[in-house]
Structures are given as C-alpha cells and as structure tokens.
Amino acid sequence: MDLGNMGLFKLLSRRMDWLTQRQETLSQNIANADTPDYKPNDLKPFNFRDALADARRLKPSTTSTTHLTGTLGPGGIAKEQRQRDPYETAPDGNAVVLEEQMLKQSQTSNDYQTMINLYRKQVGMIKMAIRGNSGGM
Amino acid sequence: MDLYKSMAASAAGMKAQGARLKVISENLANANTTAETPGDLPYRRKTITFANELDRKLGVETVKVAKIGVDKSDFERRYDPSHPSADADGYVLLPNVSTLVEAMDMREAQRTYEANLSAIDTARQMLTRTLELLRT
C-alpha cells in the first residue's frame, strides 16, 4: 500500500509542499529587503476546499516510465502573487517590511510543525490499526 | 528540495549585506582622509545598491550587489590654515562622509543580516523536523 495515495497523507504533503514554497518566497523577500523597487511576494492562500477538489479530480495515471506527467509536479506549484497593499514603502520603492516577513515565517514554521505532528499521529493510528493497541502509540 | 532554495536565497542576502558592511567600513575608515596637496580632492563617500537576480540553476530569486558608486554630494570645508592641504584662503576640503549616517547604515545592515540568518534557521528547523519523521 502506498501511503502517499491515501487522502489525508496526500493532503498533508500538499500542505507541507505549500508551506515549503512559502518559506522560500519569504526568504527571497527578506534577502531583497534593501533592493530598490522590490515588492514582496506571497503565495496564494492555501485553500482546503480547492485542494480537496483537486485531489478528487481524475488524472491520467502513468503506467510506464516513459509517460509524461505534464508540466505540473505532484501537488502543483502554488501561484505566487504580489502583495497588493504593502504596509509601508521606502523612498527607494522597496516595500519589504522585515517584521511582517518574520511574522509570516514564524507562522509558516508553526503550521509546518502542526502538519508534521498530524502526519506522525496518522502514522501512529495506522500502526495501531495494524497491530492492535498492544504496541501503543 | 525547496528548503535548500530558501537557504540559498538567504545566503545571497547575507553576502550582499556583508558587501554593504565592507563599503561602510571603508567610508568610516576614510572619514578624515584629506587630500595630500592643496589642489587635490579628499576621499569621496562610496555607495552601494542591490538588485534582484534570478539564480537560473536553482530557479530562485536572489539578491546581488548591483553597483558600488560614489556619493557626488559636496565636500565639507573647514577653515584650518595650518593644514598642509589648505588652499590659498586657508580652507581644507574634508570627505563627504557623515559618521552618523554610516553608523545608521551599519545598524540597518546588521538587522537585515540577522533577519536572513533567522530565515536560514527557520528553514533548517523545518528540514530537521521532516527528517525526524523517519525516526518514528
């Protein structure tokens, strides 16, 4: 059995994927905190409903290694979007606010930890189902 | 792995801030460098600008030093006839470096450097947690 094909695991890993990409985007913003005319980016918010609808959608399965999977990877690439209402823009046109980016990063990190815990919990439950409660969690 | 990309972006940011600090220390070190002979000009303050750059190999937007230029603002003039580089009227040209501005700039560079460092730390934590999944 492939764990990756189970609904919850699929959803969790998609969310983790999204969080990773967000971390990457935020790091780029922080690196460019002093670049003139740089506007910070952020990802389109992760929507559970969309993710679920996407998971239900039928996809052609790849039965041979020579089959092409298309341009999107598993889970797809979350769309980046420019922040529409920058909190503050410096005279040189840079709109990165370090505090804001740091806050978003810690949110991302916390959410990631939550996903990891959920993942672990789910694995524990599967283990419990397999060998009964004698093994414990 | 995406988290490595995130770390690469932060590392580029730290490198850029390091270059900025180098320019600032050059300015500070030469804050009192006057010309040797009366006709010459003293040290000119250097400036640094950054630019956003796409790292094609990693597919991540990093930052680089766009240009190290000079500050074209006027020099300071001080009346000091005894100075070896004083002109006929007794004025000496001093560099257009303001130690206060440089100190503020330095502070800002330090803050951004720290922010990049903590971004690396966050990415590293996320990576470690993912690897810890293997242990369960």
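Scroll up a little and you will see the structure.
Residues numbered from 1 in each chain as written. Chains lettered and ligands numbered in written order. Predicted model: local features only at pLDDT ≥ 70, side-chain atom pairs only at ≥ 80, totals over all residues. Heavy atoms only, no water.

A. Main features of the overall build of chain A. Secondary structure assignment for chain A yields three helices and two strands. Across the 137 residues in chain A, those meeting the buried criterion constitute 36%. Surface exposure of chain A reaches about 8,700 Å², of which carbon and sulfur atoms provide 55%. (Helix = DSSP H or I, 4+ residues; strand = E, 2+ residues; numbered from the N terminus. Buried < 20%, exposed > 50% of the residue type's maximum accessible area, 1.4 Å probe, protein only. Areas by Shrake-Rupley, 256 points an atom, 1.4 Å probe, with all protein chains shown as cover.)

B. Inspection of the packing of helix α1 (residues 2-29) of chain B against helix α2 (residues 99-132) of chain B at higher detail. Residues and elements named next belong to chain B. Packing of α1 against α2 leaves a shortest axis separation of 9 Å and a crossing angle of 165°. With respect to their mutual orientation, α1 and α2 come out roughly antiparallel. Considering how the two elements wind past one another, α1 and α2 form a crossing that is left-handed. Its residues assigned to classes, the contact of α1 with α2 shows 17 nonpolar, eight polar and five charged. (Axes fitted to C-alpha atoms, helices over the stretch in contact; angles between N-to-C directions. Parallel < 35°, antiparallel > 145°, perpendicular 65-115°, else oblique. Left-handed = near helix turned anticlockwise from the far one by under 90°. Nonpolar A, V, L, I, M, F, W, Y, C, P; charged D, E, K, R; others polar.)

C. Structural context of the packing of helix α1 (residues 7-31) of chain A against α2 of chain B. The contact between α1 of chain A and α2 of chain B brings their axes to 9 Å, and the two run at 165°. Between α1 of chain A and α2 of chain B, the interaxial angle falls into the category roughly antiparallel. Two packed elements cross with a definite hand, and for α1 of chain A against α2 of chain B that hand is left-handed. Taking contact as the criterion, the partners of Leu 19, Thr 20, Gln 23, Ser 27, Ile 30 and Ala 31 of chain A in α1 of chain A are, on α2 of chain B, Thr 112, Ala 115, Asn 116, Ala 119, Thr 122, Ala 123 and Met 126 of chain B. (Contact = heavy atoms within 4.5 Å.)

D. Region of interest: the packing of aromatic side chains. Across all of its chains, the model carries three aromatic pairs over all chains by this definition. For the pair Phe 9 of chain A and Tyr 119 of chain A, a centre-to-centre distance of 4.8 Å together with 65° between the ring planes defines the contact as edge-to-face. Of this pair, Phe 9 of chain A sits in helix α1 while Tyr 119 of chain A sits in helix α3 (residues 98-131), placing them 110 residues apart in sequence. Between Arg 77 of chain B and the ring centre of Tyr 91 of chain B, over which it is positioned, the NZ or CZ distance is 4.3 Å. (Phe/Tyr/Trp six-rings, centres within 6.5 Å; stacked < 30°, edge-to-face > 60°. Lys NZ or Arg CZ within 6 Å of the ring centre and 35° of its normal.)

E. Summary view of the environment of Leu 133 of chain B. Locating Leu 133 of chain B in the fold gives a position in the segment after α2. Its relative accessible area of 16% is what places Leu 133 of chain B among the buried residues. When near neighbours in sequence (up to four residues on either side) are disregarded, Leu 133 of chain B contacts Met 16, Ile 116, Tyr 119 and Arg 120 of chain A.

F. Region of the structure containing the interface of chain B and chain A. The partner chain A presents 27 residues to the 33 residues of chain B that form the contact. Summing both partners gives a buried area of about 2,500 Å² for chain B against chain A, and 59% of it is carried by carbon and sulfur. Three residues stand out in chain B for area buried against chain A, namely Met 126, Arg 129 and Leu 133 of chain B, and they jointly supply 24% of the buried area on that side. Asp 34 of chain A is the partner of Arg 20 of chain B in a salt bridge, and the nearest nitrogen-oxygen pair spans 2.9 Å. Between the two partners, chain B and chain A, sit nine residue pairs in polar contact (both at pLDDT 80 or more). Among the elements that line the side of chain B that touches chain A, the one with the most residues is α2 of chain B, at 14 residues. (Buried area = accessible area lost by both parts, 1.4 Å probe. Salt bridge = Lys/Arg side-chain N within 4 Å of Asp/Glu carboxyl O. Polar contact = N/O pair within 3.5 Å; in protein donor to acceptor, adjacent residues only side chain to side chain.)

G. Fine view of the side chain of Arg 129 of chain B. Inspection of the secondary structure assignment puts Arg 129 of chain B in helix α2. Salt bridges are absent for the buried Arg 129 of chain B, whose nearest opposite-charge side chain, Glu 132 of chain B, sits at 6.4 Å. Setting aside its immediate chain neighbours within four residues, Arg 129 of chain B contacts Ser 109, Gln 113 and Ile 116 of chain A. (Lys, Arg positive; Asp, Glu negative; His and termini not counted.)

H. Spotlight on the pairing of strand β1 (residues 46-55) of chain B. All names here are of chain B. Across 10 bridges, the pairing between β1 and strand β2 (residues 60-70) is antiparallel. Looking at the pairing, Thr 47 lines up with Gly 69 of β2. Hairpin connection, β1 to β2: the antiparallel pair is bridged by four residues, and Gly 59 has positive phi, about 70°. (Pairing = 2+ DSSP bridges.)

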